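This is what each chain is made of:
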Amino acid sequence: MSKAEKTKAFIIEKAAYTFNKKGYAGTSLNDLMEVTGLTKGALYGHFANKEAIAIEAYLYNVKELEKKLSNDISKHVLAKDKLLAFIDFYRFNWKTIFEWGGCPMLNAAIEADDNLPFLKKYIATSIKIWVKIIVRVIDSGKETNAFKSTINTQDYAYTIATLVEGGIMMAKINNNKDLLVLALDRAVKIIEEEMVP
């Protein structure tokens, strides 16, 4: 990478944590200058404006989450184990996720719905990609008879995703990880009782 590319990657990495922790609207240009140690001119030498930094930071956060999730899922062979690994990722990494400020998709979605329309399309795309990970696992399980062939893959994928995201939100708002565990346990029960033949 060139020096300019390295600097841009550095800005994105530092901004990603700050945006996720403080919010997109709540993060000021001064915050970005402070965490990067760069001037306004240096930041805007690499990005057109704060929105451009926010988009790249969001995409960075989601890509990091996707890499970690995919890594955990890929350790398993059987579809059911892969799906349980998806859920267990949040069960065993909740503390790190909370320290990071929460799920980047959830955080950005809540803000973007009313205040940050420029982020909406990126969030919608990343949620679809995230759900596709679950869809692929369920479909592979249907092909090997690990899951019932009659189940609606999309419905179950979105249900599991909703339980995970809802659990994160409730646990974070109430500072009570047990609310996340409750949602994750419900997702496991759905897999065991409704999806497995």
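It should be noted that the structure appears before, not after, this text.
To start, this report covers the structure provided alongside it. (Residues numbered from 1 in each chain as written. Predicted model: local features only at pLDDT ≥ 70, side-chain atom pairs only at ≥ 80, totals over all residues. Heavy atoms only, no water.)

Notes on unusual backbone geometry
A negative phi holds for most residues other than glycine; trans holds for most peptide bonds. With a phi close to 65 degrees, Asn 145 is a non-glycine residue in the positive phi region. Within the secondary structure, Asn 145 is located in the loop between helix H7 (117-143) and helix H8 (153-174). Since its relative accessible area comes to 56%, Asn 145 is described here as exposed. In this structure, Asn 175 is a non-glycine residue whose phi angle is positive, near 50 degrees. Summarising the element assignment, Asn 175 is placed in the loop between H8 and helix H9 (177-195). (Helix = DSSP H or I, 4+ residues; strand = E, 2+ residues; numbered from the N terminus. Buried < 20%, exposed > 50% of the residue type's maximum accessible area, 1.4 Å probe, protein only.)

Some details on the packing of aromatic side chains
Aromatic rings in a pair are described by how distant their centres are and how their planes are angled relative to each other. Enumeration according to the criterion identifies seven aromatic pairs in this entry. Relative to Trp 130, the ring of Phe 86 has its centre 5.6 Å away and its plane inclined at 50 degrees; by these criteria the two rings are tilted. Of this pair, Phe 86 sits in helix H5 (residues 79-99) while Trp 130 sits in helix H7, placing them 44 residues apart in sequence. Like Phe 86, the residue Trp 130 is buried in the burial classification. Considering the side-chain rings of Phe 89 and Tyr 90, the 5.1 Å spacing of their centres and the 85 degrees angle between planes classify their relative orientation as edge-to-face. A relative accessible area of 5% places Phe 89 in the buried class. Relative accessible area serves as the criterion here: at 1%, Tyr 90 is assigned to the buried category. (Phe/Tyr/Trp six-rings, centres within 6.5 Å; stacked < 30°, edge-to-face > 60°.)

Examining the nonpolar core
The biggest cluster of nonpolar side chains holds 58 residues, and the ones touching the most others in it are Leu 83, Phe 86, Tyr 90, Leu 119, Trp 130, Ile 138 and Met 195. Going through the elements one at a time, helix H1 (3-22), helix H2 (29-36), helix H4 (50-74), H5, helix H6 (104-114), H7, H8 and H9 are the ones with two or more residues in this core. Apart from the residues lying within four places of it in its own chain, the contact partners of Leu 83 are Ile 134, Val 137, Ile 138, Phe 147, Ile 160, Ile 191 and Met 195. (Core = buried A, V, L, I, M, F, W, Y, C linked by side-chain atoms within 4.5 Å. Contact = heavy atoms within 4.5 Å.)

Observations regarding the environment of Met 170
Within the secondary structure, Met 170 sits in helix H8. In this structure Met 170 comes out as partly exposed when scored by relative accessible area, which is 40%. Residues Met 170 and Ile 55 lie 115 residues apart in sequence; the distance between their C-alpha atoms is 26 Å.

Structural notes on the environment of Lys 177
If you trace the backbone, Lys 177 turns up in helix H9. Placed ten residues apart in sequence, Lys 177 and Gly 167 show a C-alpha to C-alpha distance of 8.5 Å.

As for the packing of H5 against H8
Axes are the key here: two packed helices are described by the angle between their axes and the distance separating the axes. Direction vectors running N to C along H5 and H8 enclose 20 degrees, while the axes themselves pass 12 Å from each other. When the axes of H5 and H8 are compared, the pair comes out roughly parallel. Here the hand of the crossing between H5 and H8 comes out right-handed. From H5, Leu 83, Phe 86, Ile 87, Tyr 90 and Phe 98 reach across to H8, where they touch Ile 160, Val 164, Ile 168, Ala 171 and Lys 172. (Axes fitted to C-alpha atoms, helices over the stretch in contact; angles between N-to-C directions. Parallel < 35°, antiparallel > 145°, perpendicular 65-115°, else oblique. Left-handed = near helix turned anticlockwise from the far one by under 90°.)

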